[in-house]
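Inside the fold
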Amino acid sequence: MPVLARQPAFTVSRGQFPDDFVFGTSTSAYQIEGSSFGGCGLSHWDTFSATPGNVVRSENGSIACDHYHRWEGDLDLVRDAGLQAYRFSTSWARVMPKGCGAINQEGLDFYDKLVDGMLERGIAPHLTLYHWEMPSALEAIGGWRNRDVTDHYADYAQAVTKRLGDRVASIATFNEPWCITWYSHYYGAHAPGLRDICAASRVAHFVPLAHSKAIAAMRALGLKNLGIVCNFEHISPLDNSPGSIKAAKVAEGIYNRWFLGGLFKAEYPADIVDLIGTHLPSGWEQDMADIAAPLDWLGINYYTRALISEGDTQPGNALPIQVGNKGDLPRTEMDWEVYPEGLGNILEWIRDTYTGDLPLAITENGMANKDKLVNGAVDDQERIAYLDAHFKQALAAIDKGIPLRAYFVWSLMDNFEWALGYDKRFGMVHVDFDSFERTPKASYHALRTMLSAL
Ligand code: FCB
């Protein structure tokens, strides 16, 4: 397999980006906070990870990076890197332990302090309301398969933003609807671990519906800079056979076109409705105008590409049976191919097909690496090369007039990488999961140098 490039420093410079371009870093609540602290309720990740076989070595986020107690030092790291923005998420079960009704004041207070802590350090807070943590009490009544939960979600969104909305720079309703829908309810790889086309189809509609209800609730509070974060892969056929071409179109429709179609065109792609329409919840057509209510920005998470062949789909109905194949590009520790060009292509396609002048942000991009702490240092030159190549794509997109305004590196620090546990290290800061000591890696230092030079 081709090896990953190593590179000691960035070749792009801060000065090549527009002055008002924002560099930040992203995390999410369950992956870093420690869900056993501070009166947090159970989420479906606590229950999913407590079920044998779901998470590598049965690891979970009960302590995670202990960020709940170490958040001040973590925000210092964001500031000291020269980053201007921090994308974080609030945990629904921390704010509302049962998912609706009573509020855990300690939970809201935590996020209140966190936001003030960012502002004190000159860091702009970018809030995500749902980064995959359905309160278990609501999962028990069907989670995203149950239309009622969309109302509970809007109540939660309003409760959080009533408290934090005056100080955050932007708000995203959801992180990665594709993962919430297909990865979690069809491939069964993430909580709640279902493998069911009916469940996935309901979620594919109820997540956009919940998004629209939360947007309406937040607009009613007078809040601005509201958006959503979707994930994309660069998807193409593995070969030129008609079967592969057709399979790639379905995969791309489900992954890349479904949610954007709903959000920006008030219609799901017809070729995918043909495939899953019988499983969609009744009356879904009546929700489409609400789902497409105007947004202020779109967040894009991009990591890799997928090559699709006929064998990746189910004979008969063309539904995907696996996420895709790999080509011959170098791969990260996630076994994901490094394909920076895909980011440029996707940005252009999104702008041309859906969003036009709407501001775009890259809300996640980064890589897992076999990082080793040696004599107090981590020499993750592969991560510098990876980010540098993707930064170049961002620059090229800006040069083409694409309204790309921000870039958030995933992630600030190593954390709980969901079903893959703590082994997959995505951080620019190394975390020792016994002592919780943080050690900035070479990529952190290189980024700081890049951001401070003009
Ligand atoms: C994204 C998730 C994020 C992290 C990265 C590696 O899909 O949003 O939480 O797991 O992948």
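Residues numbered from 1 in each chain as written. Predicted model: local features only at pLDDT ≥ 70, side-chain atom pairs only at ≥ 80, totals over all residues. Heavy atoms only, no water.

What follows is about the overall build of the protein. Helices and strands together make up the secondary structure of the protein, namely 15 helices and 10 strands. The C-alpha atoms of the protein give a radius of gyration of 21 Å, which matches the 22 Å a tight globule of 454 residues would have. If one aligns the C-alpha atoms of the protein with their principal axes, the spans along those axes are about 55 × 55 × 45 Å. Sequence-distant contacts in the protein: of pairs separated by 6 or more residues, those separated by 24 or more amount to 76%. In the form shown here, the protein has an accessible surface area of approximately 16,500 Å², with 51% of it arising from carbon and sulfur atoms. Computing the positive centroid from 39 side-chain charges and the negative centroid from 56, the protein places the two 0 Å apart. (Helix = DSSP H or I, 4+ residues; strand = E, 2+ residues; numbered from the N terminus. Rg over C-alpha atoms; globule rule 2.2 N^0.38 Å. Contact = heavy atoms within 4.5 Å. Areas by Shrake-Rupley, 256 points an atom, 1.4 Å probe, with all protein chains shown as cover. Lys, Arg positive; Asp, Glu negative; His and termini not counted. Charge placed at Lys NZ, Arg CZ, Asp CG, Glu CD.)

At glycine 73, helix α3 (residues 67-80) shows its strongest bend, of approximately 40°. All of the buried residues in α3 are His67, Tyr68, Trp71, Asp74, Leu75, Leu77 and Val78. Just downstream of α3 lies glycine 82, where phi reads positive at about 85°. (Bend = angle between axes of the 7 residues up to and from the residue. Buried < 20%, exposed > 50% of the residue type's maximum accessible area, 1.4 Å probe, protein only.)

The next point concerns the side chain of glutamate 382. Within the secondary structure, glutamate 382 is located in helix α14 (residues 381-399). Looking at glutamate 382, the relative accessible area reads 15%, which means it is buried. A distance of 3.0 Å separates the side chain of glutamate 382 from the side chain of arginine 6, its partner in a polar contact. In this structure glutamate 382 touches Leu4, Ala5, Arg6, Met367 and Asn369, once residues within four positions along its chain are discounted. (Polar contact = N/O pair within 3.5 Å; in protein donor to acceptor, adjacent residues only side chain to side chain.)

Looking at where glutamate 176 falls in the secondary structure, it is placed in the loop between β4 (170-175) and α8 (177-185). Arginine 87 provides the closest opposite charge to the buried, unpaired glutamate 176, separated from it by 6.8 Å. (Salt bridge = Lys/Arg side-chain N within 4 Å of Asp/Glu carboxyl O.)

Okay, empty space enclosed by the protein next. Considering all chains together, one arrives at four cavities of 30 Å³ or more under this definition. Its volume calculated, the largest cavity comes out at about 80 Å³. Around the largest cavity, the lining residues are Trp178, Trp182, Tyr187, Ala251, Ile254, Tyr255, Ile308, Pro320, Gln322 and Val323. Looking at the lining of the largest cavity, the elements with two or more residues in it are α8 and α10 (242-265). Per element, the largest residue contribution to the lining of the largest cavity is three residues, and it comes from α10. Across the lining of the largest cavity, the residue classes break down as nine nonpolar, one polar and no charged. Considering only enclosed or pocket space, the second largest cavity measures out at about 60 Å³ in volume. Looking at the second largest cavity, the residues that line it are His44, Trp45, Tyr130, Trp132, Trp144, Ile180, Ser184, His185, His190, Ala191 and Pro192. Looking at the lining of the second largest cavity residue by residue, the classes come out as seven nonpolar, four polar and no charged. (1 Å grid on protein atoms, 1.4 Å probe; cavity = no way out; pocket = protein on both sides within 12 Å on 5 of 7 lines; lining within 4 Å. Points joined across faces, edges and corners; volume = space filled by probe spheres on them. Nonpolar A, V, L, I, M, F, W, Y, C, P; charged D, E, K, R; others polar.)

Now for the pattern of salt bridges. Across all of its chains, the model carries 35 salt bridges by this definition. With a shortest N-O distance of 2.9 Å, glutamate 59 and arginine 57 are connected by a salt bridge. Linked by salt bridges that have partners in common, Asp109, Asp112, Asp116, Arg163, Asp166 and Arg167 make up one network.

The next thing to look at is the sheet that holds strand β2 (residues 85-89). An order of β1-β2-β3-β4-β5-β6-β7-β8 is seen for the eight strands of this closed barrel, with the pairing classed as parallel. The sheet shows a mean angle of 30° between the axes of neighbouring strands, direction not considered. Sheet strands in contact with α8 are β3 (124-130), β4 and β5 (226-237), and its direction is about 55° off that of β5. Contacting β5 and β6 (297-308), α10 crosses the sheet at an angle of about 170° to β5. (Pairing = 2+ DSSP bridges. Axes fitted to C-alpha atoms, helices over the stretch in contact; angles between N-to-C directions.)

Once that is clear, we can look at the site of the ligand. In the vicinity of the ligand, the contacting residues are Gln31, His131, Trp132, Asn175, Glu176, Tyr303, Glu364, Trp410, Glu417, Trp418 and Phe426. Within the side chain of asparagine 175, a nitrogen or oxygen atom sits 2.9 Å from an oxygen atom of the ligand. Glutamate 417 places a side-chain nitrogen or oxygen 2.8 Å from an oxygen atom of the ligand. Its free accessible area being 300 Å², the ligand has 96% of it covered by the protein chains. Of all the cavities here, the one that holds the ligand is the largest pocket. Grouping the constituent residues of the shell around the ligand by class yields five nonpolar, three polar and three charged. (Near = heavy atom within 4 Å. Sits in = over half its atoms within 2 Å of the grid points.)

If you add up the space inside the largest pocket, you get close to 660 Å³. Of all elements in the fold, only α8, β5 and β6 reach the threshold of two or more residues within the lining of the largest pocket. No other element matches β6, which puts six residues into the lining of the largest pocket. Taken together, the residues of the lining of the largest pocket break down into 18 nonpolar, nine polar and seven charged. Space inside the second largest pocket adds up to approximately 350 Å³. Lining the second largest pocket we find 25 residues, and of these His126, Trp297, Ala361, Arg405 and Ala406 sit closest to its centre. Secondary-structure elements contributing two or more residues to the lining of the second largest pocket are β3, β4, β7 (360-364) and β8 (404-410). Broken down by element, the residue count for the lining of the second largest pocket peaks at four residues, all from β8.

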